[in-house]
Amino acid sequence: MSKIKFQTLTGMHDVLPEDQIYFKRIQKSIEGIANYYTFQKIETPIVEMADVFTKSIGEETDIVGKEMYVFKTKGGDNACLRPEGTAPVMRSYLEHGMHNLPQPVKLWYEGPFFRYERPQAGRYRQFHQFGFEAIGEKNPSIDGQIIQMSYDVLKELGFKNIKIQVNSIGDSECRPYFRKILTSYLRSRKSSLCADCQKRLKDNPLRILDCKEEKCQQVKAGAPQTIDHLCESCHSHFKQVLEFLDELELPYELNPYLVRGLDYYTKTVFEIVDMSDFGQSQGTLIGGGRYDGLARMLGGRDTPACGAAGGIERIMGLMKEREMKVGSKQEEPQIFLAQLGQLAKRKSLKLFEEFRSAKIPVAESFTKDSLKSQMRSADKMGAKWVLIFGQKEALEEFITLRDMESGEQKEIKLDKVVEEMKEKLKQLKDGKKDKKLSKS
Ligand code: ATP
Ligand code: MG
């Protein structure tokens, strides 16, 4: 065989039919929780002006500095494929004057995102994220709610070994000073940092705390901590957030070196990690925090806000790996429709459609011509009845119903088939119920 010519680009992947059940399960959980907390769905475009991200996430971050898919449109716009969801949601909030609505405006999203990263387990160049954003409220109860919702998603999917890590990284009042003392500490140990972090020293020293390199981890262990240098308002905000988390009985721990990579974060930051056997690259399932400065960065007025985003492929990867339950598959059909001959085949397509509109699941095998092989398929899938639609049946407008257990056969007029099968299914269901009752 010749080599396959076309394959997905590096880091891109197909979400195959067998994975759809996981995707759907995760989406269902997200949507259910969002609805319950009255978050409304928003969809922003996949393509945005590059500045939506460069002006907010920051030019010195990995996402903007290295990972963004940027291009010039034919009209000359500087565009990009969105690498994350918070900045576009805020762009939309500002563009549509949502500050005129009752605050906070609570929104959620789900869809594909793009980052030109080095592919590895749980890390793709096109992946799916969901997110919750509550915009226009500075009260720390919102931080608690966002963390609770994020935790709920994973809990509801059956994750057991998850932990919430929280920290506060201060705001424009206290962070500059912290940055200064952190920089001077790191500078004194510059030679012990990895090459990337040596470069980060100048423009993004906080990001060094986030570095996964062993060398940098060691330096980090002695670094000053953000929480020791919070201003009065950040300190009191953080204290209240922790009180909410206590009240909600959420399993959190303080991680004084958690910073998260993006410039727009202020005050609360958090990540939900899986504590089981995976390495760092798969660890963080959901991350978020407060971003009170973002609206200003995008040219709007000061607007406090808080949100979170989670990676669907990462959640799905762990669910598959651990063979976690995803609920029942689609209802297995009890009825198999077998056909023989051209006329029957044509007519059985119509009959199949009638079953669909009556919402009765039916299996078929229109591509098979031999009755024997169709009966084998029916047997294999455990169908209770087979509807045989042969040449004689098609001409005389009836169908032969075969009970697979007893082997009994009977003829039913074509225009009565759907009705009769509906009745049979009902009896089957009631019978099962009676059995259950008599058992208990
Ligand atoms: P990491 O530190 O793992 O690179 P991040 O801080 O870049 O994560 P966020 O921007 O917070 O990630 O995105 C939120 C979530 O989206 C992550 O916790 C993760 O589950 C998922 N995610 C991020 N990047 C990728 C990727 N390249 N492929 C798949 N999922 C991703
Ligand atoms: Mg990243």
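What comes next is a walk through the structure. No experiment lies behind these values; they were computed from the predicted model shown. (Residues numbered from 1 in each chain as written. Chains lettered and ligands numbered in written order. Predicted model: local features only at pLDDT ≥ 70, side-chain atom pairs only at ≥ 80, totals over all residues. Heavy atoms only, no water.)

## Observations concerning the packing of aromatic side chains
In this structure the tally under the stated criterion is 9 aromatic pairs. With a centroid separation of 6.0 Å and an interplanar angle of 75°, the aromatic rings of Y36 and Y37 are classed as edge-to-face. Given the relative accessible area of 71%, Y36 is considered exposed. Using a relative accessible area of 21% as the deciding quantity, one classes Y37 as partly exposed. Ring centres of Y69 and Y116 lie 5.6 Å apart, and the angle between their planes is 80°; this geometry places the pair in the edge-to-face category. (Phe/Tyr/Trp six-rings, centres within 6.5 Å; stacked < 30°, edge-to-face > 60°. Buried < 20%, exposed > 50% of the residue type's maximum accessible area, 1.4 Å probe, protein only.)

## Some points on the nonpolar core
In terms of nonpolar packing, the biggest core is built from 48 residues, with F53 and M90 touching the most fellow members. Residues contacting M90, with those up to four places away along its chain left out, are I135, Y291, L294, A295, L298, T303 and A305. Formed by 46 residues, the second largest nonpolar core is a distinct cluster that contains I146, I272, A308 and I312. (Core = buried A, V, L, I, M, F, W, Y, C linked by side-chain atoms within 4.5 Å. Contact = heavy atoms within 4.5 Å.)

## Points about a nonpolar patch on the surface
On the surface, I46, V47 and F71 cluster together into a nonpolar patch covering about 220 Å² of accessible area. Examined against the element boundaries, V47 turns out to sit in strand β2 (residues 47-49). (Patch = residues over 30% accessible without salt bridge, like charges linked within 9 Å, V, L, I, M, F, W, Y side chains within 5 Å. Areas by Shrake-Rupley, 256 points an atom, 1.4 Å probe, with all protein chains shown as cover. Salt bridge = Lys/Arg side-chain N within 4 Å of Asp/Glu carboxyl O. Helix = DSSP H or I, 4+ residues; strand = E, 2+ residues; numbered from the N terminus.)

## Quick word on the side chain of R175
Here R175 shows up in helix α6 (residues 175-187). Buried charge R175 goes without a salt bridge, the closest partner of opposite sign being D263 at 6.3 Å. Engagement of the side chain of R175 in a polar contact is seen with the backbone oxygen of Y265, the distance being 2.6 Å. Setting aside its immediate chain neighbours within four residues, R175 contacts I169, G170, L206, D263, Y265 and T266. (Lys, Arg positive; Asp, Glu negative; His and termini not counted. Polar contact = N/O pair within 3.5 Å; in protein donor to acceptor, adjacent residues only side chain to side chain.)

## Description of the sheet that holds strand β1 (residues 40-41)
The mixed open sheet is built from 8 strands, whose spatial order is β1-β5-β6-β11-β10-β9-β7-β8. Bordering the open sheet on either side are β1 and β8 (252-254), each of which pairs with just one other strand. Where strand β7 (residues 162-168) lies against β8, 3 bridges are found, and the strand directions are parallel. When the sheet's bridge partners are listed, V166 is paired in β8 with L254. Sheet strands touched by helix α5 (residues 140-156): β5 (105-114), β6 (126-135), β7, β9 (266-274), β10 (284-290) and β11 (305-311). Its angle to β9, the strand with the most contacts, is close to 10°. (Pairing = 2+ DSSP bridges. Axes fitted to C-alpha atoms, helices over the stretch in contact; angles between N-to-C directions.)

## Looking at α5
Along an α-helix, a turn takes 3.6 residues, which lines up residues three or four apart on a common side. With 17 residues, α5 extends 24 Å between its outermost C-alpha atoms, agreeing within 8% with the 24 Å of an ideal straight helix rising 1.5 Å per residue. Of all 17 residues making up α5, 12 are buried, and the element is well covered by its neighbours. Three or more residues of α5 are buried, namely P140, I142, D143, G144, I146, I147, Q148, M149, S150, Y151, V153 and L154. Sitting at the head of α5, N139 places a side-chain oxygen 2.8 Å from the backbone nitrogen of S141. Of the residues trailing α5, G158 is marked for its positive phi of about 105°. (Expected span 1.5 Å × (residues − 1).)

## Observations concerning the pairing of strand β14 (residues 385-389)
For β14, a buried count of 5 out of 5 residues is recorded, marking the element as mostly surrounded by other parts of the structure. Side chains W385, L387 and F389 project from β14 onto one buried face, and the interleaved V386 and I388 project onto a second face that is buried too. Pairing between β14 and strand β15 (residues 398-403): 4 bridges, direction antiparallel. The residue bridging V386 from the neighbouring strand is R402, located in β15.

## Things to note about the sheet that holds strand β13 (residues 362-364)
Strand order across the open sheet formed by 5 strands is β13-β12-β14-β15-β16, with mixed pairing between neighbours. A single partner strand is all that each edge strand has here, and the edge strands are β13 and β16 (409-413). With strand direction ignored, the average angle separating the axes of adjacent strands in the sheet is 30°. Summarising the sheet, strand β12 (residues 335-339) and β14 pair through 5 bridges and their orientation is parallel.

## A short note on unusual backbone geometry
The omega torsion of the bond from Q103 to P104 falls at -5°, within 30 degrees of zero and hence cis. One can find P104 in the loop between α4 (86-95) and β5. Located in the positive-phi region is K267, a residue other than glycine, with phi close to 55°. Tracing the chain through its elements places K267 in strand β9. Of note in the backbone geometry, K359 takes a positive phi value of approximately 60° without being a glycine. One can find K359 in the loop between α14 (342-357) and β13.

## Some details on the pattern of salt bridges
Under the definition given, this model contains 26 salt bridges. Residue D196 is joined to K199 by a salt bridge in which the shortest nitrogen-to-oxygen separation is 4.0 Å. One end of the pair is D196 and the other is K199, both in helix α7 (residues 195-203) and 3 residues apart, which spans about a single turn. With a relative accessible area of 61%, K199 lands in the exposed category. Across the pair E243 and K239 runs a salt bridge whose closest N-O atoms are separated by 3.6 Å. Pair noted here: E243 and K239 are both in helix α10 (residues 232-247), with a separation of 4 residues, about one helical turn.

Note that every value here comes from positions in space, so none of it alone points to a role or purpose.
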